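Understanding the architecture of this molecule
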Amino acid sequence: MIQTMQKFNLGACMISLIGLLAGWSAVNAQDQTVNVGSTYNYSTAVSITGSTFTWNVTGGTNGTHFSYTPSNTSTQAIQWLQTGTYTIQVTEVSPQGCVNPSAPQTFQVQVAPVPTIQFATTSSAACSGAPNTNLTLNLAFTGTVVYPVVVNYTIDGTPYTRTINSGTTISLGSEANILENLTATDVTRVIVITSATSHGANYTIGTNSTYNYTVYATPQLNPITHN
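So, here's what we can say about the structure. (Residues numbered from 1 in each chain as written. Predicted model: local features only at pLDDT ≥ 70, side-chain atom pairs only at ≥ 80, totals over all residues. Heavy atoms only, no water.)

1. Observations concerning the pairing of strand β5 (residues 75-80)
On β5, burial follows the alternation: Q76, I78 and W80 on one face are buried, whereas T75, A77 and Q79 on the facing-out side are not. The sheet contact formed by strand β2 (residues 39-43) and β5 spans five bridges and is antiparallel. Paired with T39 across the bridge in β5 is Q79. Relative to β5, strand β4 (residues 66-67) runs antiparallel, the two sharing two bridges. Bridge pairing in β5 links S67 to Q79. (Buried < 20%, exposed > 50% of the residue type's maximum accessible area, 1.4 Å probe, protein only. Helix = DSSP H or I, 4+ residues; strand = E, 2+ residues; numbered from the N terminus. Pairing = 2+ DSSP bridges.)

2. Brief notes about the side chain of Q118
Position of Q118 relative to the elements: it lies in strand β8 (residues 116-119). For Q118, a relative accessible area of 17% corresponds to the buried category. Separated by 3.2 Å, the side chain of Q118 and the backbone nitrogen of T207 make a polar contact. (Polar contact = N/O pair within 3.5 Å; in protein donor to acceptor, adjacent residues only side chain to side chain.)

3. Some thoughts on unusual backbone geometry
Omega for the bond connecting Y147 with P148 falls within 30 degrees of zero, at 0 degrees, which places this linkage in the cis form. Note that P148 resides in the loop between β10 (135-142) and β11 (149-155). The phi dihedral of N177 is positive, around 50 degrees, even though this residue is not glycine. Summarising the element assignment, N177 is placed in the loop between β13 (169-172) and β14 (187-198). The class of N177 is partly exposed, set by a relative accessible area of 25%. Non-glycine residue H199 carries a positive phi angle of around 50 degrees. Summarising the element assignment, H199 is placed in the loop between β14 and β15 (201-202).

4. Overview of the pairing of strand β17 (residues 210-215)
Both strand β9 (residues 123-126) and β17 contribute to a ladder of four bridges, which runs parallel. Within β17, the residue paired with A126 across the bridge is V215. In this structure, β14 lies alongside β17, joined through six bridges in antiparallel fashion. By the bridge assignment, V192 is partnered in β17 with T210.

5. Thoughts on the sheet that holds strand β6 (residues 84-93)
Across the sheet, four strands lie side by side as β1-β7-β6-β3; this open sheet has mixed pairing. The open sheet has two edge strands with one neighbour each: β1 (32-35) and β3 (52-58). With strand direction ignored, the average angle separating the axes of adjacent strands in the sheet is 30 degrees. (Axes fitted to C-alpha atoms, helices over the stretch in contact; angles between N-to-C directions.)

Shown next as structure tokens:
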């Protein structure tokens, strides 16, 4: 009879491992690659109301290779400081002090150096185009790119921001009607990449950070004369 009660209490107290794994995989389904200097919020679902959580990062030293203040909640912010491969673990503890009966759920984070971003070419020219239309330019990356990448740039000194979710092109300029020139004089727009980030990691700006886009003069409609 005593053995039966012990089994019953253990079963009532155990956290559902299936629930814990399902909650984790819903947010972090696989290992990930990040850039040095980036910050991510990791989370898992709460399987028992009132539970606390223990987060642990291995493979380096907190404050040197990565930085985080241990949280007892289901969410943990971690900043990655140095290149390496690290493992994140999380354990849920119920209000009664019970833990999931197997090893904590883990996955690896590969931290890569920040890449270099610049324009693939630095100039082009065309006749006047339609207003409120983007100018699409090719970018060149060196290193591991982690999307989304937020690119800050200026057009003739005025700052703008665009987000790149994939690929190596950036569409910009509709804010400044960059394609349009209805004057009789060629206009050169100067586009400068000022910064780029991925989850707060500052990318290195390459030497080809300035792009000159020339919009040729538009023939003016003059009246027809006769002698």
